[in-house]
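Single-letter residue listing:
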Amino acid sequence: MSESTRMMLGLVIGIAIMIVLVMKTKVHTFIALLLAALITGLIGGMPVADITNAAGETTVGVMTAIKDGFGNTLKSTGIIIGLGVMMGGILEVSGAAEQLAFTFIRVIGKRKEEWALAITGWVVSIPVFADSAIVIFAPLVKAMSSVTGISVVGLALSLACGLQLTHCLVPPTPGPLTAAGMLGVDVGQMIMVGAGISIPMLIVVVFYCKYIGKKIYQIPNEGGHGYERKEFKKEYIKSMEEVEKLVGEKNLPSFTASILPIIIPIVLIFVKTFWGLFGTGEGVANTIISLVGEPIFALGVGTIIAIYGLVRKEDNKKVIGIMDTAIKDTGIIMLITGAGGSLGNVIKVSGIGNVLGETVVGLPLPAILIPFIIAALMRIALGSATVAITTAASLTAPLMAAIRVSPILLAASCCVGAISFSYFNDSGFWVFNGMFGLTELKDQVRCKTAVSLIMAGVGIIELLLLQFVL
């Protein structure tokens, strides 16, 4: 067996064992990723520990590669993830997230409720995790369905699509942030490209949401428990005026106070990105802009604005408790993200990446689709979009020298691929079905699974076109 064949065999066995462990056993994804990295490295020919020969040359051991990959990955993403979820917790508890939803509904107007919720999800998911946001906005979606007569399925699915797109494509959410870090892409550029790619995907999928809402027509029961399913008729649709009444009954923060924690960090990051493209790169201004546009600094500013703009009158212990609760849920995300970095570093250090690169370049496929295919397969196998993006980015990073495609498009390809297949092993799939009364398998697949495939399909077309521009 040749060395290159052994390396590829190690990678295939490592990934296969990871998938089997996650899908068929009680072994956690974090442990499965670490085992995949270990097995890949050992079969690929790496020693267990570092070895220094007589000439002073050191061969990196697999355990060192695992630890270095873990640390280097979290170095670029861990702090940002922590700050992002702390800010998201404040937005959730203060009612700012709801205020954003109500405002978008007012601006867009009646008979455009699906668009309002889709845009709301698109904006809110930047700082707030998608699964959490579905739960937060479920009362609003049900209320809108009750007062308008529009199917709760169409409304909720529009919201879910907006949430999913920015969750997978726009930093500082963990997946795209990790992809940008692993592939050496500026975060500001990743925000611009990710947001730009997501817009056509959102436009196309909302039309499907409106269509499926009529095919699966159900509205909340008057008592608020359960849903009534029936055939759709145009006369069921009511006016939107009662939404204004619903707004008046809640004591929510102002729109300005609600949007500033999201807008300010994005503006700061954008300023740094544009300065890097058009600025001088010298002087005091460059130093200041480099500091304030650093994602860690920008998210820190956004979190402080959220604290003192939204919950400044609350007790100090309560505010700290809100942030503590929010950040507790991120521990496993950080572990999985770091483990994905370990796998990527093993592939890089062992030389598997070079062999894989040579193999991939020879495939009769557009190079831009390689990260997409990897991410899609990981999403199907593991369920988590964040893990799929992290794994795809870790496998793509060693190929960058062999693939003549812009790093920003490779990162975007990882993210688009991770959108592609939401089904039974996806937690968001079950959260959505449970919240909005979808109990039949056929209906479940026509909703979350179908929209994920539609969005990914549009994304593929965009990637194939953008490779001629970027």
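What counts and what doesn't
Residues numbered from 1 in each chain as written. Predicted model: local features only at pLDDT ≥ 70, side-chain atom pairs only at ≥ 80, totals over all residues. Heavy atoms only, no water. Helix = DSSP H or I, 4+ residues; strand = E, 2+ residues; numbered from the N terminus. Polar contact = N/O pair within 3.5 Å; in protein donor to acceptor, adjacent residues only side chain to side chain. Contact = heavy atoms within 4.5 Å. Core = buried A, V, L, I, M, F, W, Y, C linked by side-chain atoms within 4.5 Å. Buried < 20%, exposed > 50% of the residue type's maximum accessible area, 1.4 Å probe, protein only. Salt bridge = Lys/Arg side-chain N within 4 Å of Asp/Glu carboxyl O. Phe/Tyr/Trp six-rings, centres within 6.5 Å; stacked < 30°, edge-to-face > 60°. Axes fitted to C-alpha atoms, helices over the stretch in contact; angles between N-to-C directions. Left-handed = near helix turned anticlockwise from the far one by under 90°.

Turning next to the side chain of Q218. Secondary-structure assignment places Q218 in strand β3 (residues 218-220). In terms of polar contacts, Q218 uses its side chain to reach the backbone carbonyl oxygen of G437, at 3.4 Å. Q218 has contacts with S145, S151, V152, V153, Y227, E228, R229, F436, G437 and L438, leaving out every residue within four places of it along the chain.

This brings us to the nonpolar core. Counting residues in each nonpolar core, the largest one holds 132 residues, and the members touching the most others are I90, L169, M201 and F432. If one sorts the elements of this core by residue count, helix α9 (residues 187-215) sits on top with 13 residues. Excluding residues that lie within four positions of it along the chain, M201 makes contacts with L165, L169, V416, I419, M455, A456, V458, G459 and E462.

Let us now look at the pattern of salt bridges. A complete count under the given rule lists six salt bridges for this structure. The salt bridge involving E114 is made with K210; its shortest N-O contact spans 3.4 Å. Note that E114 is positioned in helix α5 (residues 113-124) and K210 in helix α9, a separation of 96 residues in sequence. Residue classification places E114 among the buried positions, given a relative accessible area of 7%. Salt-bridge contacts for E314 lead to K318; the nearest nitrogen and oxygen are separated by 3.3 Å.

Before going further, it helps to spend a moment on the packing of aromatic side chains. One pass over the structure, following the stated rule, counts five aromatic pairs. Relative to F207, the ring of W115 lies with its centre 5.3 Å away and its plane at 80°, an arrangement referred to as edge-to-face. Here F207 lies in helix α9 and W115 lies in helix α5, a separation of 92 residues in the sequence. Classification of W115 by relative accessible area gives partly exposed; the value is 21%. Taking the relative accessible area as the measure of exposure, F207 reaches 52% and is therefore exposed.

Here we take up the packing of α5 against α9. Orientation of α5 relative to α9, taken along the N-to-C sense of each, is 145°, at an axis distance of 10 Å. At the point where α5 passes α9, the crossing takes the right-handed sense. In this structure, α5 contributes E114, W115, A118 and W122 to the contact, and α9 contributes A195, S198, I199, L202, I203, V206, F207 and K210.

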